[in-house]
Amino acid sequence: MFIVAITGGIASGKSTVSRVFQRNGIPVVDADEIAREIVMPGKRCWHKIRKEFGDAILLPTREINRAALGRTIFENKELRGRLNMITHPTIHRTIFFHVIKHLLSGKQWIVLDLPLLFETGILMDLIYKIICVTCDPETQLQRLIARNELSEEDARLRVNSQMPLEKKCEKSNFVIDNSGSVEDTEEAALKICNMLTESNQHWRNRLTFLGFLFAILFFIYYLNKIFNFLPEINIAAKWK
């Protein structure tokens with residue numbers, strides 16, 4: 001199995017691209033969705049966030065008031081760092097669990113939807129190819145304002161908190177420009193999906209893994225021949 005990451009900026013259109021892969025049978029692990037799940041009332045991260053930021057960021061339903069918390073952290077880099085220290089370890093552990101699950105199920109490849117792939121850098125070693133979804137800055141800003149019902153000032157704070165899209169594009173293997181129609185974006189995503197599905201990388205990864213496993217077993221066998229640290233099992237005597 002190999003892993004492909006989709007990244008980009010907030011409101012650049014990553015979800016549109018992810019849906020194309022899902023419709024074509026490719027599993028997608030969404031970091032934003034995981035981030036929402038781990039802060040539900042009663043969860044460990046919920047308790048930590050409440051302790052760190054107080055009840056002022058809670059709704060009457062006891063859920064996190066994402067708008068209030070967003071205003072707090074996007075205006076203060078230090079507070080944003082504290083929130084990331086609370087949520088990111090749990091998000092990354094959950095992503096890793098999903099990767100192992102799909103690996104054991106025999107999937108050819110999967111997609112990780114990771115908005116902060118380059119900002120955190122933690123999962124980079126797992127990634128085979130990176131797709132960056134981009135759009136022009138004004139389109140991104142207007143989409144964010146409309147989607148999250150934000151003021152222009154709040155929307156700019158969120159956009160500016162992330163790595164510039166042009167830098168993410170430079171670091172990526174594929175770039176999808178989502179400034180135009182949804183149809184154009186989906187067509188570009190489908191071409192990449194078909195290209196990756198035709199790749200033999202998953203076989204190379206499996207052979208590499210098997211070679212690594214064989215090397216470990218041979219090393220253990222060789223050490224045992226020298227030091228005889230593994231007990232001998234007399235199978236014939238066992239079944240008498």
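Residues numbered from 1 in each chain as written. Predicted model: local features only at pLDDT ≥ 70, side-chain atom pairs only at ≥ 80, totals over all residues. Heavy atoms only, no water.

- Under the annotation held in an unreviewed UniProt entry, the chain carries the name Dephospho-CoA kinase domain-containing protein and is attributed to Glossina austeni.
- The annotation that UniProt attaches to the chain under Sequence similarities (unreviewed entry) is "Belongs to the CoaE family." (UniProt positions renumbered as here; feature names shortened; annotations may be inferred.)

1. Remarks on the overall build of the chain
- Secondary structure assignment for the chain yields 12 helices and 5 strands.
- Within the chain, buried positions represent 40% of all 240 residues.
- In the chain, of all internal contacts separated by at least 6 residues, the share reaching a separation of at least 24 is 73%.
- By element, 57% of the accessible surface of the chain is carried by carbon and sulfur atoms, the whole surface being about 14,800 Å². (Helix = DSSP H or I, 4+ residues; strand = E, 2+ residues; numbered from the N terminus. Buried < 20%, exposed > 50% of the residue type's maximum accessible area, 1.4 Å probe, protein only. Contact = heavy atoms within 4.5 Å. Areas by Shrake-Rupley, 256 points an atom, 1.4 Å probe, with all protein chains shown as cover.)

2. Re unusual backbone geometry
- A positive phi angle, near 75°, is found at arginine 62, a position not held by glycine.
- Structurally, the position occupied by arginine 62 is in the loop between helix H3 (44–53) and helix H4 (66–74).
- The phi dihedral of glutamate 149 is positive, around 55°, even though this residue is not glycine.
- Here glutamate 149 shows up in the loop between helix H7 (137–148) and helix H8 (152–160).

3. Details of the environment of aspartate 177
- Turning to its location among the elements, aspartate 177 is positioned in strand S5 (residues 174–177).
- The spacing of aspartate 177 and cysteine 132 is 45 residues in sequence and 8.5 Å in space, taken between C-alpha atoms.
- If sequence neighbours within four positions are ignored, aspartate 177 has contacts with Thr134, Cys135 and Thr185.

4. Considerations on the packing of aromatic side chains
- Summed over the entire model, instances satisfying the criterion amount to 3 aromatic pairs.
- An angle of 65° between the planes, with centres 5.0 Å apart, marks the rings of phenylalanine 2 and tyrosine 128 as edge-to-face. Placement of the pair is phenylalanine 2 in strand S1 (residues 2–8) and tyrosine 128 in the loop between helix H6 (117–120) and strand S4 (129–134), with a sequence separation of 126 residues.
- Among the residues examined, phenylalanine 2 registers a relative accessible area of 1% and is labelled buried. (Phe/Tyr/Trp six-rings, centres within 6.5 Å; stacked < 30°, edge-to-face > 60°.)

5. Comments concerning the side chain of arginine 80
- Its location among the elements puts arginine 80 in helix H5 (residues 77–104).
- For arginine 80, which is buried and forms no salt bridge, the nearest opposite charge comes from glutamate 119, at a distance of 9.3 Å.
- The residues touching arginine 80, leaving out its near neighbours within four places in the chain, are Ile73, Phe74 and Ser161. (Lys, Arg positive; Asp, Glu negative; His and termini not counted. Salt bridge = Lys/Arg side-chain N within 4 Å of Asp/Glu carboxyl O.)

6. Some words on the environment of valine 133
- With respect to the element layout, valine 133 can be found in strand S4.
- In this structure, the C-alpha to C-alpha distance between valine 133 and isoleucine 176, residues 43 residues apart in sequence, is 4.8 Å.
- In this view, valine 133 contacts Ile6, Thr7, Gly8, Gly9, Ser12, Gly13, Lys14, Val17, Leu165, Ile176 and Asn178; residues no more than four positions away in its chain are not counted.

7. With respect to a nonpolar patch on the surface
- Taken together, the side chains of Phe96, Ile100, Leu103, Leu104 and Leu126 make up a nonpolar region of the molecular surface, amounting to roughly 480 Å² of accessible area.
- Take leucine 104: its relative accessible area is 70%, and that puts it in the exposed class. (Patch = residues over 30% accessible without salt bridge, like charges linked within 9 Å, V, L, I, M, F, W, Y side chains within 5 Å.)

8. A look at the pairing of S5
- Only one face of S5 is buried, namely the one carrying Phe174 and Ile176, since none of Val175 and Asp177 on the opposite face is buried.
- Inspection of the sheet shows S4 paired to S5 by 4 bridges, in the parallel sense. The residue bridging valine 133 from the neighbouring strand is isoleucine 176, located in S5. (Pairing = 2+ DSSP bridges.)

9. Structural notes on H5
- With 28 residues, H5 extends 39 Å between its outermost C-alpha atoms, agreeing within 8% with the 40 Å of an ideal straight helix rising 1.5 Å per residue.
- For H5, the principal kink sits at threonine 87 and spans about 35°; a proline, proline 89, occurs within the next four residues.
- What H5 keeps buried is the set Leu79, Arg80, Leu83, Ile86, Thr87, His88, Thr90, Ile91, His92, Ile95, Val99 and His102.
- Between a side-chain oxygen at the N-terminus of H5 and the backbone nitrogen of glutamate 78 the separation is 2.9 Å; the capping residue is asparagine 76.
- At the C-terminal side of H5, glycine 106 shows a positive phi close to 85°. (Expected span 1.5 Å × (residues − 1). Bend = angle between axes of the 7 residues up to and from the residue. Polar contact = N/O pair within 3.5 Å; in protein donor to acceptor, adjacent residues only side chain to side chain.)

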